[in-house]
Amino acid sequence: MNPSPSDSTLDVRVELADCTDKAELLRRFAEAFRFPDWFGHNWDALADCLTDLSWLPAPAYRVLLCNPSALRTMHPDVLATTLDILDDARHCWAEAGIGFSVEVIEDAMPSASDRSPRDVPQ
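Our subject in this report is the structure included herewith. (Residues numbered from 1 in each chain as written. Predicted model: local features only at pLDDT ≥ 70, side-chain atom pairs only at ≥ 80, totals over all residues. Heavy atoms only, no water.)

Quick notes on helix α4 (residues 76–95)
We apply this condition: Strands are runs of DSSP state E lasting at least 2 residues, helices are runs of H or I lasting at least 4, and numbering of each runs from the N terminus. In a helix, the anticipated span is given by 1.5 Å times the number of residues less one. Partly exposed describes any residue whose relative accessible area lies between the buried limit of under 20% and the exposed limit of over 50%, with all areas from a 1.4 Å probe on protein chains only and scaled to the type maximum. By construction, the arc corresponds to the directions joining the helix axis to the C-beta atoms. The contact definition used throughout considers only heavy atoms, calling two residues in contact when any of these lie within 4.5 Å.
Over its 20 residues, α4 runs 29 Å from end to end, which matches the ideal 28 Å to within 8%, given 1.5 Å per residue. Along α4, the residues that are buried comprise Val78, Leu79, Thr82, Ile85, Leu86, Ala89 and Trp93. Seen from one end, α4 has its buried residues packed into an arc of 125 degrees, which puts them on one side. When the buried face of α4 is taken as reference, the exposed residues oriented beyond 90 degrees from it are Asp84, Asp88 and Glu95. Its buried side turned inward, α4 meets α1 (22–33), α2 (43–50), β3 (60–66), α3 (69–74) and β4 (99–105).

Regarding the environment of Glu24
In plain terms, the rule: Polar contacts, as counted here, are pairs of nitrogen or oxygen atoms within 3.5 Å of one another; within protein the pair requires one atom able to donate a hydrogen and one able to accept it, and residues that are adjacent in sequence qualify only if both atoms are side-chain atoms.
Secondary-structure assignment places Glu24 in helix α1. Judged by its relative accessible area of 22%, Glu24 falls in the partly exposed class. At 2.7 Å, the side chain of Glu24 and the side chain of Arg28 are in polar contact.

Description of the nonpolar core
For soluble globular proteins, nonpolar side chains are generally found buried alongside one another. In plain terms, the rule: In plain words, nonpolar cores are sets of buried Ala, Val, Leu, Ile, Met, Phe, Trp, Tyr and Cys residues tied together by side-chain atoms within 4.5 Å.
Leu25, Phe29, Phe33, Phe35, Leu46, Leu50 and Phe100 are the most contacted members of the largest nonpolar core, which has 32 residues in total. Listed by contribution, the elements that provide at least two residues to this core are β2 (9–15), α1, α2, β3 and α4. Excluding residues that lie within four positions of it along the chain, Leu46 makes contacts with Leu26, Phe29, Phe35, Phe39 and Ile85.

Below you can see the structure in the form of structure tokens.
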């Protein structure tokens, strides 16, 4: 996650490379957004967390969904539901006057700074 210097938007990168099911998608969202321990790993909990974000305050949010092609191939319904939930969150935040945008990025390789220690070659 990095704030963009020009507009203080918090970028939250959700890396979906090799993600092929709902459970893994929810795990990756929980990690990227640092969801609280009470996150229930289901659609309702995802919607609740994305419309709260009190643990991650920012003047605006930009969600970067990177490399969803495996999920789109294996479970297009899971990706479609995710995009619907993100759109609902966008509407919710707009009512509060807070920007919340989503970008789907294909073939984006994680940068070295986005990798977790287990992803860095030894």
